[in-house]
Number of protein chains: 2
Amino acid sequence: MQRIACLIEYIGTNFAGYQVQPNGRTVQQEIETSLMKLHKGQDIKVSASGRTDAGVHAKGQVIHFDSPLSIPADRWAKALNTLLPRDIRIIASQYVDTDFHARYTTTGKQYRYKVIRRDDIFMRNRAYYVPHSLDIEAMREACGYMLGTHDFSSFCAANTSVEDKVRTITQCEIAEHDDELNFILAGNGFLYNMVRIAVGTLLEVGSGKRSPSEVAQIISSENRKAAGKTAPAHGLYLWSVTYAKPLFIRENER
Amino acid sequence: MQRIACLIEYIGTNFAGYQVQPNGRTVQQEIETSLMKLHKGQDIKVSASGRTDAGVHAKGQVIHFDSPLSIPADRWAKALNTLLPRDIRIIASQYVDTDFHARYTTTGKQYRYKVIRRDDIFMRNRAYYVPHSLDIEAMREACGYMLGTHDFSSFCAANTSVEDKVRTITQCEIAEHDDELNFILAGNGFLYNMVRIAVGTLLEVGSGKRSPSEVAQIISSENRKAAGKTAPAHGLYLWSVTYAKPLFIRENER
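Residues numbered from 1 in each chain as written. Chains lettered and ligands numbered in written order. Predicted model: local features only at pLDDT ≥ 70, side-chain atom pairs only at ≥ 80, totals over all residues. Heavy atoms only, no water.

- Chain A is annotated in an unreviewed UniProt entry as tRNA pseudouridine synthase A of Alkalicoccobacillus murimartini.
- Taken from UniProt, the Sequence similarities (unreviewed entry) comment for chain A reads in full: "Belongs to the tRNA pseudouridine synthase TruA family." (UniProt positions renumbered as here; feature names shortened; annotations may be inferred.)

See the structure below:
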């Protein structure tokens, strides 16, 4: 048996999320179905860096699986891409040590959240359209309060069972490209809905409903009700996942 | 009766083209169906600046129609957008003189053709993926030969009935954004498939199959067989249409 890791992208729109579930089409199920075809009916289980919700996209999700087949590393991507549906693609594939685990050995993740400020049908389901004006400088000031190690209970969906809600955020910034805002958040780990709640709160700062310094108070309250609304899923992208050893060399992209 | 002009965009992927036809979903049919609802069953005919083929997108198509209804100009866009499917959107609407005609009074058009050089599922159906390397400087040199007034028979689909194939190209350039190339062509009018044949030919120059100066010879041959392949429809966008009087004020966008 050898362990293979893959860098994958998918358009979340027509999935009920990443993880296999009884009802609805999922990314994991599509990949496992394709792997079963490659393995002549043998069941191959796939592990990902983490799940993504329905509608959430991925530009740099990482998965791994074990296989008895011996084929050149890059052929895994090619073979799977011929079997996968058009909204999932394997960008790269390589053999890894068996102590690598897509989920348990991650050292960090980056998410991006796209907001568009002019309606554009080509971006529907791929960015969140905010028609009103936004104070970008106020949002950037608020981003500063997100940095560092905090208990992020206020930015975690209330129905989560995770006990330790302390996470370290190493990047929280807003990049502007024409009419598009990219909220970039990176850290050692993220709680359930954490990015979407953070973006929803930052947008309330941008709309003038909250002051930037309120974000510090929201964090210290450790109370989900103190934070803003959860921004919709369709603007969110799992952008990249990092491991102790660099796994895939890929240029950074917009 | 008053004449209304609209600036519209659509994603061409799920249309059999702009123009109404017996089989297949068309942009014109969707707009006429929505107008009929607004007019309580009355049939309203729509005229566009020109048709677009199946799979071709529009960011700045212009249409007009006549209506007995008197509603504020910008309400036409809002009312139609509530009725139209999600892959067509009215960007702006305004009243125009009855001597305005979306097709017969155009003074020029701009098309853009998007080529991506790295596969990206988010751009599938929206750009043409060219995996091999391209010599952009060679293509830019070739673009120069397209400029000016020429008989463009070589860049016209063979089955066209149009007699006069002389057109004036005022802009032919290639803009680069990250991994995306935008072929921008503007002129007083375009023959059937002209942009797609031009881009297909320029890509053959970029691939080293032809020299840049061959484009001059292709034009003077006045023979479709001398030019390159027709580039696929899904990379093409009708970007803007101009009239003697500026019709819609809109920022230029990528």
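## Some thoughts on the overall build of chain A
Right, on to step 1. Counting its regular elements, chain A contains five helices and 10 strands.
Right, on to step 2. Over its C-alpha atoms chain A spans a radius of gyration of 19 Å, differing by no more than 12% from the 18 Å that the globule rule assigns to 254 residues.
Right, on to step 3. Principal-axis analysis of the C-alpha atoms places the extent of chain A at approximately 60 × 40 × 35 Å.
Right, on to step 4. Taking as baseline every contact in chain A between residues at least 6 positions apart, the subset at least 24 positions apart corresponds to 71%.
Right, on to step 5. Per element, the accessible surface of chain A, about 11500 Å² overall, is 48% carbon and sulfur.
Right, on to step 6. The averaged location of the 28 negative side-chain charges in chain A is 5 Å from the averaged location of its 31 positive side-chain charges. (Helix = DSSP H or I, 4+ residues; strand = E, 2+ residues; numbered from the N terminus. Rg over C-alpha atoms; globule rule 2.2 N^0.38 Å. Contact = heavy atoms within 4.5 Å. Areas by Shrake-Rupley, 256 points an atom, 1.4 Å probe, with all protein chains shown as cover. Lys, Arg positive; Asp, Glu negative; His and termini not counted. Charge placed at Lys NZ, Arg CZ, Asp CG, Glu CD.)

## Details of the relation of the copies chain A and chain B
Right, on to step 1. Rotating chain A by 180° about the axis while translating it 0.0 Å along that axis superimposes it on chain B, leaving an RMSD of 0.0 Å. Taken together, these values place the two copies in the relation of a two-fold axis.
Right, on to step 2. Most of the interface of chain A is mirrored in chain B, where 100% of its interface residues are also at the interface. (Least-squares fit on C-alpha atoms with pLDDT ≥ 70 in both.)

## Details of the pairing of strand β1 (residues 2-10) of chain B
Residue and element names in this part refer to chain B.
Right, on to step 1. Within β1, eight of the nine residues are buried, which leaves the element mostly enclosed by the surrounding structure.
Right, on to step 2. Across eight bridges, β1 lies against strand β3 (residues 57-67) in antiparallel orientation. Of the residues in β3, the one forming a bridge with Tyr10 is Ala58.
Right, on to step 3. Where β1 and strand β4 (residues 88-96) come together, eight bridges link them in antiparallel fashion. Opposite Ile4, over in β4, you have Tyr95 as the bridge partner. (Buried < 20%, exposed > 50% of the residue type's maximum accessible area, 1.4 Å probe, protein only. Pairing = 2+ DSSP bridges.)

## Section: the domain arrangement of chain A
All names here are of chain A.
Right, on to step 1. As assigned here, chain A comprises domain 1 (2-104) and domain 2 (109-239).
Right, on to step 2. Taken together, the contact between domain 1 and domain 2 spans 14 residues of the former and 12 residues of the latter.
Right, on to step 3. Both faces combined, the contact of domain 1 with domain 2 buries some 1100 Å², and carbon together with sulfur accounts for 57% of it.
Right, on to step 4. Counting across the interface, domain 1 meets domain 2 through one salt bridge.
Right, on to step 5. Where domain 1 touches domain 2, the interface holds nine residue pairs in polar contact (both at pLDDT 80 or more).
Right, on to step 6. Per-class residue counts for the side of domain 1 that touches domain 2 are four nonpolar, eight polar and two charged. (Domains from an automatic or database assignment. Buried area = accessible area lost by both parts, 1.4 Å probe. Salt bridge = Lys/Arg side-chain N within 4 Å of Asp/Glu carboxyl O. Polar contact = N/O pair within 3.5 Å; in protein donor to acceptor, adjacent residues only side chain to side chain. Nonpolar A, V, L, I, M, F, W, Y, C, P; charged D, E, K, R; others polar.)

## So, the pattern of salt bridges
Right, on to step 1. Considering all chains together, one arrives at 34 salt bridges over all chains under this definition.
Right, on to step 2. Where Glu204 of chain B meets Arg210 of chain B, a salt bridge forms, and the shortest distance between an N and an O atom there is 2.7 Å.
Right, on to step 3. Residue classification places Glu204 of chain B among the buried residues on the basis of a relative accessible area of 14%.
Right, on to step 4. Residue classification places Arg210 of chain B among the buried positions, given a relative accessible area of 16%.
Right, on to step 5. Salt bridges linked by common partners bring Glu9, Lys59 and Arg89 of chain A together with Asp119, Asp120 and Arg124 of chain B together as one network.

## Some remarks on the interface of chain A and chain B
Right, on to step 1. Each partner contributes residues to the interface: chain A has 23 residues there, and chain B has 23 residues.
Right, on to step 2. In total, about 2200 Å² of surface goes out of reach between chain A and chain B, with carbon and sulfur atoms giving 45% of it.
Right, on to step 3. Broken down residue by residue, the surface that chain A buries against chain B is led by Arg86, Ile121 and Phe122 of chain A, which jointly contribute 33%.
Right, on to step 4. Joining chain A to chain B, the criterion identifies four salt bridges.
Right, on to step 5. Contributions of two or more residues to the side of chain A that touches chain B are made by β1 (2-10), β3 (57-67) and β4 (88-96) of chain A.
Right, on to step 6. For the side of chain A that touches chain B, the element with the most residues is β3 of chain A, which contributes three residues.
Right, on to step 7. Looking at side-chain class alone, the side of chain A that touches chain B contains seven nonpolar, two polar and 14 charged residues.

## Considerations on the packing of helix α1 (residues 27-38) of chain B against helix α2 (residues 73-83) of chain B
Residues and elements named next belong to chain B.
Right, on to step 1. For the pair α1 and α2, interaxial distance at closest approach is 9 Å and the crossing angle is 110°. Comparing their axes, α2 and α1 come out roughly perpendicular. Packed against α1, whose contacting residues are Ser34, Leu35, Lys37 and Leu38, the element α2 presents Trp76, Ala79, Leu80 and Leu83 at the interface.
Right, on to step 2. A class-by-class count of the residues in the contact of α1 with α2 yields six nonpolar, one polar and one charged. (Axes fitted to C-alpha atoms, helices over the stretch in contact; angles between N-to-C directions. Parallel < 35°, antiparallel > 145°, perpendicular 65-115°, else oblique.)

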